[in-house]
Amino acid sequence: MESIPIWFFLMSTGLFGLLFGSLANVIIWRVPRGESIVSPGSHCPGCGTPIRWYDNIPVASWVILGARCRECGGRISARYPIVEATSGLLWLAAAARWGMSARTLFGIGLFYLLLILTLIDLDHMRLPNAIVAALGVVGVVGVLFAQLTGVPAVPLFIGRGLLSAPMPYAASGIVIGGGISAAIAGAYALIRKSAGLGMGDIKLLAVLGLFFGPYVLMVLMVASILGAVVGVAVLRRHKGAGQARVPFGPFLASGALLVALWGPVVLDWYLRLAGVR
Ligand SMILES: [Zn+2]
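Notes on the structure in this doc start here. (Residues numbered from 1 in each chain as written. Predicted model: local features only at pLDDT ≥ 70, side-chain atom pairs only at ≥ 80, totals over all residues. Heavy atoms only, no water.)

1. Considerations on the pattern of salt bridges
This is how the line gets drawn: Put simply, a salt bridge is a Lys or Arg side-chain nitrogen that is within 4 Å of an Asp or Glu carboxyl oxygen. A run of H or I in DSSP becomes a helix once it reaches four residues, and a run of E becomes a strand once it reaches two; helices and strands are each numbered from the N terminus. The classification of residues rests on relative accessible area computed with a 1.4 Å probe and restricted to protein chains. Under 20% of the type maximum is buried, over 50% is exposed, and intermediate values are partly exposed.
If you walk through the whole model with that rule in mind, you get four salt bridges. A salt bridge links arginine 52 to glutamate 71; its shortest N-O distance comes to 3.1 Å. Within this pair, whereas arginine 52 is found in the loop between α1 (6–30) and α2 (60–64), its partner glutamate 71 is found in the loop between α2 and α3 (79–98), the two being separated by 19 residues in sequence. The partly exposed category is assigned to arginine 52, whose relative accessible area is 33%. Residues arginine 70 and aspartate 55 are paired through a salt bridge, measuring 2.7 Å at the closest nitrogen-oxygen approach. Of this pair, arginine 70 sits in the loop between α2 and α3 while aspartate 55 sits in the loop between α1 and α2, placing them 15 residues apart in sequence.

2. Re the layout of surface pockets
We apply this condition: Definitions used for this entry: grid spacing 1 Å over protein atoms alone; cavity, a set of points where a 1.4 Å probe fits but cannot get out; pocket, an open set with protein on both sides within 12 Å along at least 5 of 7 lines; lining residue, one with an atom within 4 Å of a point. Grid points are joined across faces, edges and corners, and a volume is the space filled by probe spheres set on the points. Here the term charged refers only to Asp, Glu, Lys and Arg, the term nonpolar to Ala, Val, Leu, Ile, Met, Phe, Trp, Tyr, Cys and Pro, and the term polar to all other amino acids, Gly among them.
Looking at the second largest pocket, its volume works out to about 640 Å³. Lining the second largest pocket are 29 residues; nearest its centre among them are Ser42, His43, Ile51, Asn56 and Tyr80. For the lining of the second largest pocket, the secondary structure elements donating two or more residues are α1, α2 and α3. A per-element tally of the lining of the second largest pocket places α1 first, with five residues. Of the residues belonging to the lining of the second largest pocket, the class tally is 14 nonpolar, eight polar and seven charged.

3. Digging into the nonpolar core
This is how the line gets drawn: Side-chain atoms within 4.5 Å are what join buried Ala, Val, Leu, Ile, Met, Phe, Trp, Tyr and Cys residues into a set we call a nonpolar core. Only heavy atoms enter the contact rule, under which two residues are in contact if any of them lie within 4.5 Å.
Formed by 58 residues in total, the largest nonpolar core has its most connected members in Leu110, Leu114, Ile116, Leu208 and Phe212. Where this core is concerned, the elements lending two or more residues are α1, α3, α4 (102–124), α5 (129–149), α6 (166–192), α7 (199–212), α8 (216–237) and α9 (249–273). Among the elements that make up this core, the one with the highest residue count is α4 (13 residues). Excluding its chain neighbours within four sequence positions, the residues that come into contact with leucine 110 are Leu135, Leu156, Leu208, Phe211 and Phe212.

4. Let's talk about the packing of α1 against α4
Where we set the bar: Axes here mean lines fitted to C-alpha atoms, for a helix over just the part in contact, with angles spanning 0 to 180 degrees between N-to-C directions. Note on convention: near helix rotated counterclockwise from far helix by under a right angle means a left-handed crossing. Clockwise means right-handed.
α4 packs onto α1 with a crossing angle of 30° between their chain directions and a minimal axis gap of 11 Å. For the pair α1 and α4, the sense of crossing is right-handed. Contact residues: Phe9, Thr13, Phe20, Gly21, Leu23, Ala24, Ile27 and Ile28 in α1; Thr104, Ile108, Tyr112, Ile116, Leu119, Ile120 and Asp123 in α4. By residue class, the composition of the contact of α1 with α4 is 11 nonpolar, three polar and one charged.

5. What to know about the coordination of the zinc ion
In plain terms, the rule: Counted as coordinating are nitrogen, oxygen and sulfur atoms within 2.8 Å of the metal, or 3.2 Å for Na, K and Ca, while water is not included, which may make sites look incomplete. Angle rules define the geometry names used: all angles between 85 and 135 degrees makes four donors tetrahedral, while opposite donors over 155 degrees apart and all other angles between 65 and 115 make four donors square planar and six octahedral, leaving every other case irregular.
Binding of the zinc ion to the protein goes through Cys44 (SG), Cys47 (SG), Cys69 (SG) and Cys72 (SG), at separations of 2.3 Å. Its four donor atoms give the zinc ion angles of 106 to 115° at the centre, a pattern that matches the tetrahedral case. Read from N- to C-terminus, the donor residues coordinating the zinc ion fall into the pattern C-x2-C-x21-C-x2-C. Taken together, the residues span a long stretch of sequence, with cysteine 47 in the loop between α1 and α2 and cysteine 72 in the loop between α2 and α3 at a distance of 25 residues. Under the relative-accessibility criterion, cysteine 47 is labelled partly exposed at 36%.

6. Brief notes about unusual backbone geometry
Of the consecutive residues serine 39 and proline 40, the connecting peptide bond is found in the cis state with omega at -5°. Here the residue pair valine 154 and proline 155 is connected by a cis peptide bond, since its omega of -5° sits within 30 degrees of zero. Relative to the assigned elements, proline 155 resides in the loop between α5 and α6. One non-glycine residue, alanine 67, lies in the positive phi region at around 60°. With respect to the helices and strands, alanine 67 occurs in the loop between α2 and α3. Within the chain, methionine 125 stands out as a residue other than glycine whose phi angle is a positive 60°. Position of methionine 125 relative to the elements: it lies in the loop between α4 and α5. Take methionine 125: its relative accessible area is 31%, and that puts it in the partly exposed class.

Below you can see the structure in the form of structure tokens.
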């Protein structure tokens, strides 16, 4: 492993991310519609023609074909190459953050599934159980692996004292993530008589607890701040257009990404600022 140059590792991980970005597009379209991921193969949404492998190269094919289907000339949304490029960047970010380690592998699983959840939530205003459960499986496997081998994997951070082992650290995250979000949802329902957080958001926060331990609270805070800022902007644009709903999943995903990459640094900076450390 030591003999592989880091630039090669980062580049190839990013390329794999691009390739898996194509699969992400398929999952985002099919899973909420209850369609199979494997068959039939990719086809043009306009004319149904199967897409040849050389027309299915991430980002490049879209650019070369001028955003149009080779057969029918129908427009192909810019969203497809954007999702592919984002997937590549997320894989690259995980590789840069955790290097050649098991943590990178599980970090990639986290970022990739959160990208898929973000787009499905934007499209359908829900977080499918199947994808949240898949993220949960990745997290549980990572925690068991770390607990049994002693190799850092999941959670992405580790604490001191009682929380110095993966299992208790992850368990505290599930309790904090699931418990606090359920409490907020309950309080909100009592006061406003409407749901603030959906069931999907609560489940996702519990699963994120696996990956983040107590840092899941920071994920929720960052997501709430982002949600408040964007929510106000959206409500302004849709003034008088009734109730514009904003899905919370994309903010949870953004919060998770930011905390995974910079959480402890920011917390340390804050504690210093507050004179605690
Ligand atoms: Zn077509």
